[in-house]
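Now for the letters of each chain:
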Amino acid sequence: MNALLSRLSVGLFALTLLAAVSQSARGAATIVIQNNDSANTGFNDPTPVAPVGGNNGTTLGQQRLNAFQFAANIWGATLNSSVTITIRASWAPLTCSSTTGVLGQAGANGIFRNFANAPFPNVWYSAAEANALSGVDLNPSSPEISAQFNSNLGNPGCLDSGGTPTHFYLGLDNVHGSDVDLVAILMHEFAHGLGFQTFSDPGSGTLNAGFPSIYDRFLLDNSTGKTWDQMTNAERQASAISINHLVWNGSQTRTDVGSTLGTARFRVNSPGSIAGNYTVGTADFGARLSSPGVTSNVVQASPADGCSSVSGAVSGRVALIDRGNCTFVAKVKNAQNAGALGVVVANNVSSPAVIQMGGGDATITIPVLMISLADGNTVKSQLGGGVSGTLLLDVSVPAGADAQGRALLFAPNPVQGGSSVSHWDGTMFPNQLMEPADSGDLTHSVTAPLDLTASLMRDIGWSVASAPPTNPIDTPDFFVKQQYLDFLNRTADTAGLNFWVNEITSCGTDQACIDAKRVNVSAAFYLSIEFQETGYLVERMYKSAFGDAQGTSTFNGTHTLPVPVVRFSEFLADTQTIGQGVQVGIGNWQAQLEANKTSFADAFVRRTTFTNLYANTLTPAQFVDALFAKAGVTPSTTDRNKAIGEFAGAGNTADFGARGRALRDVAENSTLATNEFNKAFVLMQYFGYLRRNPNDAPEAGLNYSGYDFWLTKLNQFNGNFANADMVKAFITSAEYRQRFGP
Ligand SMILES: [Ca+2]
Ligand SMILES: [Ca+2]
Ligand SMILES: [Zn+2]
């Protein structure tokens, strides 16, 4: 799909209907949406809809308006203006075919020069910026921005080359899957209206009424050294189609290019014979690539296509998976479930060498890249001796910038009216909000190090609010959803999501209240019946079967200590199995859970790790006593007899079904559940929030000192996690926050 983000419109639509102004944003600038649709259409469409992604409007029209206001508020929190910015907005059937379509169009509604406090004489500014700079509304009867969006999306014939029509996703949380994220499109269009556009004509090179735009002062042809305001019409006309030579000469953007843009790399570190950077294709889903990136040994997934459950050999490693037979999302999810830190997909055809991998799944939190068929074979040939690889964003080579680190502008030949010059070049990576075509991986940030749009706004003279929030984990909706994913392995149900979000938002602007509620909300997921009956039971099954492992700690002097034996990758896979289809309070969840527990225990006792430890020749009493000993529990006579009784008087323990039931009896023993509670609580801080074992990198010393510290503290506070500051420490840690943003 090649969905063009916009056609620019500078100037005036015919004046139409009486406008209703929606609730305004509170922030550095106030931006209001003026509903310019007629009855029963666009924002007034009465079609009932279900809440989606934090958008609680009950009609299609209301949800559209909510998304508009949400996007407007992001800009409102970013730019400073004492003058309210009004966006006159409507929906209309814009151009759309099976393969390409215009999602929306917007632009400044009116331009001004030589106003009070204008930074430069005889230079055009957008109405919104001119008002902000002068401190007054220079045309009180007119909105500052006009915007129109395509009501054709979702209809047959419109962006439906994949078989089903593309829809706008109206949620506010960016979890848009294969649909188009309306909020991102709106943020893009509003940016044009705020000043991310030239008012000159790229086709003819002529200035607007003979005067350059503030934007033109930063359009530099790097082959001639001239900016657009210094050029003749013919020079501007040539510059507009001078691909790779039309660059942005603003200092703020140039600074921020260094932290924002980079090149996606799969880098082989060793062996030396195949070391180096490999050409890659990137993905629309998964973790954003980072610097210095994810480094580990590369392991071929089993099965090689990753299309079914992937074996645990990839745990803590980079999984190499062959393209083909199932979706990219399915492969990566299977590898993630097996504990992989990243995925490299080896192409299964030689041409094109690599592609952009489509798909969407918000539960995928590891990075993924594609390498060519030939490179895949090169890597595979060396796996026997060990291959170390890194998936990274190489910020030393900014993609979409010239050799001097200046951002490239979109300058195709021939010129594309309404698109050329007023966008970044599409080669930028990571993908940027102001590229000409929509990308599925856009964030809701407009600031560096995620996005360069606000950097350009600062260059053209906007006052930009200091440090707007850029980490999505700070928003209640995203935060709560992440708790579901991390602790319950499922997406949030609407009732639960609303309940927990309300817990936090009921604090209003009281930050101390918000901080405390976030701790309590998150801890509630560990304490929930759903987790206690799934994840915590898995931990106790391992304990009952295998006892404790030994860990090293340097807290209060170097020593060893018993630590939970279950590892993160095992826990992840097993918890998903035991929780499959279980949502407390929904349907016949107790029966589903009971069936899951029975089949899980039955499968658990058939694993060779278990049968190697417990011979069939053991008597039921020997078997049960061994399990209780591993669990560290002295059972009551009743509890012991119940577990032994599962074998119905048999002389040995060859009956797997009875073994599974007896293991459950031990694992569900209430004394064990009490004894193990704090240990599992601390363990889950590492598993749930940091997605790693307590002794994995970046843990200093690669040992259990941190685990030891928190367990000691939690015990001192008798399990009161709030007083021990434990959950708070984890959810405010840099390691946790960096999973989601800067
Ligand atoms: Ca106005
Ligand atoms: Ca791009
Ligand atoms: Zn655009």
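Look up: the structure comes first, before these words.
The structure reproduced in this document is the subject of the present report. Nothing here was measured: the structure is a model prediction, and the numbers come from that model.

Side chains of a nonpolar character, in soluble globular proteins, are inclined to be buried together. Counting 131 residues, the largest nonpolar core has M187, F190 and A319 as its most contacted members. Per-element accounting of this core gives the leading share, nine residues, to helix α3 (residues 182–194). Of all hydrophobic cores here, the second largest spans 56 residues; its members include F487, F604, V682 and L711.

Turning next to helix α5 (residues 251–260). For α5, every residue scored as buried is listed here: T253, D256, V257 and T260. Along the axis of α5, the buried residues cluster in a sector spanning 125°; they form a single face. Where α5 is buried, its residues touch β13 (246–248) and α8 (453–459).

Running from N to C, helix α20 (residues 670–690) and helix α21 (residues 705–716) point in directions that differ by 135°, and their axes come no closer than 10 Å. Of the possible angle classes, the one that applies to α20 and α21 is oblique. Of the two possible hands of crossing, α20 and α21 adopt the one that is right-handed. Contacts from N678, K679, F681, V682 and Q685 of α20 reach α21 at Y707, W710, L711, L714 and N715.

With their axes 10 Å apart at the nearest point, helix α13 (residues 535–546) and α20 run at an angle of 110° to one another. Here α20 runs roughly perpendicular to α13, going by the angle between their axes. In this structure, α13 crosses over α20, and the sense of that crossing is right-handed. Residue-level contacts link Y536, E539, R540 and K543 of α13 to L672, A673, E676, A680 and L683 of α20. Residues belonging to the contact of α13 with α20 are distributed by class as follows: five nonpolar, no polar and four charged.

What follows is about the sheet that holds strand β12 (residues 226–227). Across the sheet, which stays open at both edges, the three strands sit in the order β12-β11-β13 with antiparallel pairing between neighbours. Edge positions in the sheet fall to β12 and β13, since each has one partner strand and no second. Examined bridge by bridge, strand β11 (residues 219–221) and β12 share two bridges and lie antiparallel to one another. If you follow L220 over to β12, its bridge partner there is T227.

Moving on to the pairing of strand β5 (residues 100–108). Summarising burial for β5: seven of the nine residues are buried, a large majority. Relative to strand β8 (residues 145–150), β5 runs antiparallel, the two being bridged by five bridges. By the bridge assignment for β8, Q105 is matched with Q148.

A word on helix α19 (residues 656–667). Compared with the 16 Å implied by 1.5 Å per residue over 12 residues, the 16 Å span of α19 between its first and last C-alpha is a close match. With respect to burial, α19 is a largely interior element, 10 of its 12 residues being buried. Contacts made by the buried residues of α19 are with α13, α15 (589–604), α17 (620–631), α18 (637–645) and α20.

Calculation notes
- Residues numbered from 1 in each chain as written.
- Chains lettered and ligands numbered in written order.
- Predicted model: local features only at pLDDT ≥ 70, side-chain atom pairs only at ≥ 80, totals over all residues.
- Core = buried A, V, L, I, M, F, W, Y, C linked by C-beta atoms within 7 Å.
- Buried ≥ 20, exposed ≤ 12 C-beta atoms within 10 Å, placed from the backbone.
- Helix = DSSP H or I, 4+ residues; strand = E, 2+ residues; numbered from the N terminus.
- Arc of directions from axis to C-beta.
- Contact = placed C-beta atoms within 7 Å.
- Axes fitted to C-alpha atoms, helices over the stretch in contact; angles between N-to-C directions.
- Parallel < 35°, antiparallel > 145°, perpendicular 65-115°, else oblique.
- Left-handed = near helix turned anticlockwise from the far one by under 90°.
- Nonpolar A, V, L, I, M, F, W, Y, C, P; charged D, E, K, R; others polar.
- Pairing = 2+ DSSP bridges.
- Expected span 1.5 Å × (residues − 1).

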